[in-house]
Amino acid sequence: MGKLTVRALRAVLLVVLAGTVFVQALMVWALATDPEEGSLPLTPLRVLTILGMVSAQVALVCVWRLVAMVRRGTVFSHAAFRYVDGVIGAIVAAALVWFAVTALNAPGQREDPGVTVIMGGVGLAILGVALVVLVLRMLLAQAVARDGEASRIQAELDEVI
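A short tour of the structure in this document, coming up.

Calculation rules
- Residues numbered from 1 in each chain as written.
- Predicted model: local features only at pLDDT ≥ 70, side-chain atom pairs only at ≥ 80, totals over all residues.
- Heavy atoms only, no water.
- Helix = DSSP H or I, 4+ residues; strand = E, 2+ residues; numbered from the N terminus.
- Rg over C-alpha atoms; globule rule 2.2 N^0.38 Å.
- Contact = heavy atoms within 4.5 Å.
- Areas by Shrake-Rupley, 256 points an atom, 1.4 Å probe, with all protein chains shown as cover.
- Lys, Arg positive; Asp, Glu negative; His and termini not counted.
- Charge placed at Lys NZ, Arg CZ, Asp CG, Glu CD.
- Axes fitted to C-alpha atoms, helices over the stretch in contact; angles between N-to-C directions.
- Parallel < 35°, antiparallel > 145°, perpendicular 65-115°, else oblique.
- Left-handed = near helix turned anticlockwise from the far one by under 90°.
- Patch = residues over 30% accessible without salt bridge, like charges linked within 9 Å, V, L, I, M, F, W, Y side chains within 5 Å.
- Salt bridge = Lys/Arg side-chain N within 4 Å of Asp/Glu carboxyl O.
- Phe/Tyr/Trp six-rings, centres within 6.5 Å; stacked < 30°, edge-to-face > 60°.
- Lys NZ or Arg CZ within 6 Å of the ring centre and 35° of its normal.
- Buried < 20%, exposed > 50% of the residue type's maximum accessible area, 1.4 Å probe, protein only.

Here we look at the overall build of the protein
Working step 1: When you go through the protein residue by residue, the secondary structure sums to four helices and zero strands.
Working step 2: Its helices and strands in sequence order give the protein the pattern α-α-α-α, from N to C terminus.
Working step 3: Relative to a compact globule of 161 residues, whose C-alpha radius of gyration would be 15 Å, the protein shows 21 Å and is clearly more extended.
Working step 4: In terms of overall dimensions, the protein has a C-alpha envelope of 80 × 30 × 25 Å along the principal axes.
Working step 5: In the protein, the proportion of contacts linking residues at least 24 apart, taken out of those at least 6 apart, comes to 71%.
Working step 6: For the protein, the accessible area works out to roughly 10200 Å², and carbon and sulfur atoms hold 71% of it.
Working step 7: A distance of 10 Å separates the average location of the 12 positive side-chain charges in the protein from that of its 11 negative side-chain charges.

Describing the environment of Met1
Working step 1: Within the secondary structure layout, Met1 lies in the segment before helix H1 (3–33).
Working step 2: Distance in space between the C-alpha atoms of Met1 and Val67 is 8.9 Å, their sequence separation being 66 residues.
Working step 3: Sequence-distant contacts of Met1, that is, excluding residues within four places in its chain, are made with Val6, Val67, Val70 and Arg71.

Describing the packing of H1 against helix H2 (residues 42–72)
Working step 1: Where H1 meets H2, the closest approach of the two axes is 9 Å, and the angle between their N-to-C directions is 160°. The angle between the axes of H1 and H2 places the two elements in the roughly antiparallel class. Relative to H2, H1 is oriented so that their crossing is left-handed.

As for a nonpolar patch on the surface
Working step 1: Where nonpolar side chains cluster on the molecular surface, the patch consists of Val132, Val135, Leu136 and Leu139 and spans about 360 Å² of accessible area.
Working step 2: Relative to the assigned elements, Val135 resides in helix H4 (residues 114–160).

Quick word on the packing of aromatic side chains
Working step 1: Inspection of every chain in the model, using the stated rule, returns zero aromatic pairs.
Working step 2: The aromatic ring of Trp64 is capped on one face by Arg10, whose charged end is 4.9 Å from the ring centroid.

Regarding the pattern of salt bridges
Any two side chains of opposite charge can pair, on the condition that their charged atoms come close.
Working step 1: Within the structure shown, the criterion is met by two salt bridges.
Working step 2: A salt bridge links Asp85 to Arg137, with the nearest nitrogen and oxygen atoms 2.5 Å apart. Residue Asp85 is located in helix H3 (residues 79–105), and its partner Arg137 is located in helix H4; the two are separated by 52 residues in the primary sequence.
Working step 3: You can call Arg137 partly exposed: its relative accessible area is 24%.

These values are about where atoms sit, not about what they do.
Shown next, in the form of structure tokens:
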């Protein structure tokens, strides 16, 4: 992975991380100062927004660590699984937060239940992303096993020679 690619990805990760921290700060400030008004319960939505941002931040940190491992050439190791599992967990947590938002929004959509169905579909799509990352984790496991096998064979060849 080239230096330019790593720097560009890290810049994007930093901007997104800063954005999520900013949104969290706004939600905490709104929880403390802004009373609830209107038909939607704002406090649960604000708390869910904060939790959703935490899940995004966990995924960002895990991707940052994986990029560092790729840059060092150590991504094909058992240490990488911790960060891939973190990404999967963060995506599943984001889907659960999204389903909670959908459930909070559903009573207000009685006249137009299509919105709730679409929101549920988005939640399923988020879970689908977690499954894709799980498949990529399985590919990483195969690559780690092959790398270990190649190292073992290389050591045997070195002994013979």
